[in-house]
Amino acid sequence: PASKRSLLTCVCFAFSATVAEAASRRGSAFCSARSISIGRRGQNDFFDREGFTQRLSTTLSYSTPQEDVYAAIHRKEHEMKKVNTQHSKPSDPVRMAVGYAVEGVRKDLKLAKALRRVYDDPDNAANPKAKPRDASEDEREAKLLEHGMKDATMRRGSFVVDIKRKSLSRPGETFAKFDDAGLVADAMVSLGADAAFVNVDYHAYGGDMSELRSAVRAVRAVSDTAAVVMKDIVVDEIQLGLAKEAGADGIVLIASVLGPALENFLDQATCMGLETIVECHTKNEVQAALDALAQNIMVSNYDRISGEYHPDQAYKLAGMFPGSGGPIITLACGGIETTDQMKKLLAVGYDSVVVGKAVMGSTRAPEFIKCVRDRTLLPAEFSQWGLEDVEFDMDGNVMPGPKKGIPSPDDDGVFQ
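A brief structural summary. Remember, it's a predicted structure, so these values are computed and weren't measured experimentally. (Residues numbered from 1 in each chain as written. Predicted model: local features only at pLDDT ≥ 70, side-chain atom pairs only at ≥ 80, totals over all residues. Heavy atoms only, no water.)

Right, let's talk about the sheet that holds strand β10 (residues 352-355) for a bit. Pairing between the strands of a sheet is mediated by backbone hydrogen bonds and can be parallel or antiparallel. Reading around the circumference, β1-β4-β5-β6-β7-β8-β9-β10 is the order of the 8 strands in this closed barrel, with parallel pairing throughout. Neighbour-to-neighbour, the strand axes of the sheet open up by a mean angle of 25°, direction not taken into account. Where strand β9 (residues 329-333) lies against β10, 2 bridges are found, and the strand directions are parallel. Among the inter-strand pairings, Ala332 is bridged to a residue of β10, identified as Val353. (Pairing = 2+ DSSP bridges. Helix = DSSP H or I, 4+ residues; strand = E, 2+ residues; numbered from the N terminus. Axes fitted to C-alpha atoms, helices over the stretch in contact; angles between N-to-C directions.)

Here it is in structure tokens:
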């Protein structure tokens, strides 16, 4: 009947208005100004507000297991408005961390040194415990410099643990249960991890800021060289202040989330004395990070926008970076679940690998860490020579014996 159709029309109109009002309340600033992607596969480079509103209308809850990056960013914008209000006083420690620049040039660069394993290299001048150089070493370095190979020396890979209970890239899946990220960070660094990512977004990763502070205290207690990095969906400069105030050595910035604002965040972090790691997925994102003079660049196999997994993405983009010893420190991450994957990525030039799910609550954590730390790597310049399967010990000698499947007497110190 006409009366029922009229009533149904009114109900539908009211529901549409409620959805529109909810979408409006969830941070109009992001929808109007923020670029969501740099050079996506077949997608427009800028945020699709209409498409996002349609997506949002089907998901009115912040905490749904199927939350995608669009909803996560919008939720984060809303949360940061509250955080800004909580830290609005000029005397607030977080606000002071954002507003005051560090005097002079930072010389510690704890994160960069941890990723390059400076303190494990007795020949590195940046190592306070470096051994004195003799005339023969100076002569050798002069010859390498003459042939343009000064930095073409054996490398040391580093291992970064990504501490999280769940992941935005694996919606609805909880793959680790632990009481405190600080205890996990303590254990991993004690086993040899060079740095720890602590995820502080509760809905996406199951962590919070209190766990970051706990991890910082725990790592400082067991290591003078390991670094702690805050990992979050960064959309507001106040998050840089939160990381700095909590004592983190660095923070992860996602290129696809920040878009053209990436350079501003890098500049702000530099002024604050906070190191950064820029997460990229596409060639254009890597190029944007390089153009913005990012020092630490992490290539992920996961596409944050589509949620798709491309297992060889980091491998394919390895050639975009300068060679060994250059100003860029490179990391690879995303779905790394075997030691062979780590070896392959390190062999093509990456300085570090980031592993999360594979070592969270797993007895294989020592295996992964030892696999990275107990070997040296050829210079990145040799990555195209077809020597990816050749492995070297800490003295630069070729490891004999099979490296897959069957252990041999010569491979006692090598995890298969």
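Among the nonpolar cores identified, the biggest contains 88 residues, and Phe159, Leu212, Tyr350 and Met360 are the most heavily contacted of them. Considering every element that reaches this core, the biggest residue donor is helix α4 (residues 69-86), with 6 residues. In this structure, Leu115, Ala227, Val252 and Cys333 belong to the second largest nonpolar core, which totals 16 residues. (Core = buried A, V, L, I, M, F, W, Y, C linked by side-chain atoms within 4.5 Å. Buried < 20%, exposed > 50% of the residue type's maximum accessible area, 1.4 Å probe, protein only.)

Moving on to the pairing of strand β8 (residues 296-300). Of all 5 residues in β8, 5 are buried; the element is thus mostly enclosed. Residues of β8 alternate between two faces, with Asn296, Met298 and Ser300 on one and Ile297 and Val299 on the opposite face, all of them buried. Pairing of strand β7 (residues 275-280) with β8 involves 3 bridges; the strand directions are parallel. In the sheet register, Cys280 faces β8, and the bridge partner there is Val299. In the classification by handedness, the crossover that spans β7, the intervening helix α14 (residues 283-291) and the parallel β8 is right-handed. Two strands pair when backbone bridges link them, and β8 and β9 are joined in this way by 5 bridges, in the parallel orientation. Following the sheet pairing, Ser300 is matched in β9 by Cys333. (Right-handed = clockwise from strand over helix to strand, strands pointing away.)

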